[in-house]
Amino acid sequence: MRIVVLAGGIGGARFLRGLKVAAPDAEITVIGNTGDDITLFGLRVCPDLDTVMYTLGGGINEEQGWGRADETFSVRAELVGYSVGPSWFTLGDRDFATHIVRTQMLDAGYPLSAVTAALCERWRPGVRLIPMSDDRVETHVVIAGDDVAGDVSGVSGVSEKAAGSGGQAGPAGGRSAPASRRAIHFQEWWVRLHASVPAESITAVGAEDAKPAPGVLEAIESADFVLLPPSNPVVSVGTILAVPGIRAAVEAKKVIGISPIIGGAPVRGMADACLSAIGVETSARAVAAHYGPRLLDGWLVDTADADAAGPDVDGIAVRARPLLMTDVTAAADIAAAALELAHEPT
Ligand code: GDP
Ligand code: CA
């Protein structure tokens, strides 16, 4: 059995860990979101790829869901000593090593897909992990206001000092956005601002010119079915689908999705803020309608949203199951339910 999964970070990684238990003999290819990637301190950081790699490879900080287990923060403390930021994005010492290796390889000319494969030689995640594209795609969020402290848009790894630290740096220095509206890197909105400032729009910059990484389309074409884990529908799965060619390839397949929304709210994170930005209600049913019947064949909702099940919506078969990934067993049960739905005759 060949399965392709389009994954973001935590929700995707935890689901994948369950999928490996539910389908031990399957050949699983994971197409990872790279829209959240950012350059910090001169190092290329790929949060979603790393979350999948560390989670499946046994190196993740379990409680946090991202970053390395048994982490220390000496490098970060030293950077703070030099007043070099941004300080709102936490990188631990062990994690730094990953970004150093990645950046060295990228600088030597290797594409991100080759670099990811090399990093996975150490972590042995038990799946084939491919970034959605080797081209740079960056999720930007347009917000109102002109507080630019910590701004890293343009991803040059600007220090807070250099950017005018201390909060009010005045109108975006040199940037041409109107004073009352500006685009910031997704990580600045998500991590620094905790999505507390409403997003007027969310754009995957560079997506329209990006090409799927080598192996992406081939994996989808040869898959028995495609699974959409409970990842962010806008900035994780939506970004992957924005790379030309990927959506069409996925639409041609049987696709089963798992709702990241339970009882009208995201399980963790601020996916509701992303859905509002694109005018989609935060409900399991609305997310299914947003993906639509061309993409989705089946949709798993939580038992709390069983009213969203019942008669299938818009040609999408909807089933209700407990969807909280409290541990690996719970995630495996969810994955098994997705496989069952994938094997139902259409
Ligand atoms: P991120 O890149 O780390 O934000 O991770 P993803 O995009 O993969 O996933 C984020 C989504 O996972 C959020 O919208 C959460 O609501 C969802 N999520 C997290 N844990 C669970 C869970 O236990 N069950 C379900 N159904 N969704 C979850
Ligand atoms: Ca992410």
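Residues numbered from 1 in each chain as written. Chains lettered and ligands numbered in written order. Predicted model: local features only at pLDDT ≥ 70, side-chain atom pairs only at ≥ 80, totals over all residues. Heavy atoms only, no water.

K.L.:
For the pattern of salt bridges, give the residues involved together with the corresponding values.
P.N.:
Two side chains of opposite charge can pair, provided their charged atoms sit close to one another. Tallied over the entire structure, the rule returns 10 salt bridges. Ionic pairing is found between Glu27 and Arg2, a salt bridge with its closest N-O pair at 3.3 Å. Taken together, the positions of Glu27 in strand 2 (residues 27–32) and Arg2 in strand 1 (residues 2–7) put the pair 25 residues apart, joining distant regions of the chain. With a relative accessible area of 48%, Glu27 lands in the partly exposed category. With a closest N to O distance of 3.0 Å, Arg192 and Glu188 form a salt bridge. Taken together, the positions of Arg192 and Glu188, both in helix 6 (residues 186–192) and 4 residues apart, correspond to about one turn of that helix. Under the relative-accessibility criterion, Glu188 is labelled buried at 0%. (Salt bridge = Lys/Arg side-chain N within 4 Å of Asp/Glu carboxyl O. Helix = DSSP H or I, 4+ residues; strand = E, 2+ residues; numbered from the N terminus. Buried < 20%, exposed > 50% of the residue type's maximum accessible area, 1.4 Å probe, protein only.)

K.L.:
Lay out the sheet that holds strand 13 (residues 298–301) with the relevant residues and their values.
P.N.:
Reading across the sheet, the 7 strands line up as 5-2-1-9-10-13-14 and stay open at both edges, with parallel pairing between neighbours. Each end of this open sheet is capped by a strand with a single partner; those strands are strand 5 (128–131) and strand 14 (317–320). Strand after strand, the sheet turns through a mean of 20° between neighbouring axes, direction not considered. Packing against the sheet, helix 2 (residues 47–57) makes contact with strand 1, strand 2 and strand 5, and its axis sits at approximately 175° to strand 5. (Pairing = 2+ DSSP bridges. Axes fitted to C-alpha atoms, helices over the stretch in contact; angles between N-to-C directions. Contact = heavy atoms within 4.5 Å.)

K.L.:
Describe the pairing of strand 13, with residues and values.
P.N.:
Here strand 13 shows no split at all, with Gly298 and Leu300 on one side and Trp299 and Val301 on the other all buried. Two strands pair when backbone bridges link them, and strand 10 (residues 255–258) and strand 13 are joined in this way by 3 bridges, in the parallel orientation. The residue bridging Gly257 from the neighbouring strand is Trp299, located in strand 13.

K.L.:
So what about the coordination of the calcium ion (ligand 2)? Which residues, and what values?
P.N.:
Surrounding the calcium ion (ligand 2) are the protein donor atoms Asp36 (OD), Asp48 (OD) and Asp48 (OD), which sit 2.0 to 2.6 Å from the metal. Placement of Asp36 in the loop between strand 2 and strand 3 (38–40) and of Asp48 in helix 2 is noted, with a sequence separation of 12 residues between them. Summarising the burial analysis for this pair, Asp36 and Asp48 share the class buried. (Donors = N, O, S within 2.8 Å, 3.2 Å for Na, K, Ca; no water.)

K.L.:
Account for the nonpolar core, naming residues and giving values.
P.N.:
By size, the foremost hydrophobic cluster in this structure holds 53 residues, and its most contacted members are Leu6, Trp189 and Trp299. By size, the runner-up hydrophobic cluster in this structure holds 43 residues, among which are Val127, Leu129, Ala331 and Ala338. (Core = buried A, V, L, I, M, F, W, Y, C linked by side-chain atoms within 4.5 Å.)

K.L.:
Tell me what's going on with the sheet that holds strand 8 (residues 199–205), and back it up with residues and numbers.
P.N.:
Pairing is antiparallel in the open sheet, where 3 strands are placed in the order 7-6-8. Whereas interior strands pair on both sides, the edge strands pair on one side only; in this sheet they are strand 7 (181–185) and strand 8. Adjacent strand axes in the sheet meet at a mean angle of 25° when their direction is disregarded. Pairing between strand 6 (residues 138–144) and strand 7: 5 bridges, direction antiparallel. Note that in strand 7 the partner of Ile143 across the bridge is Arg182.

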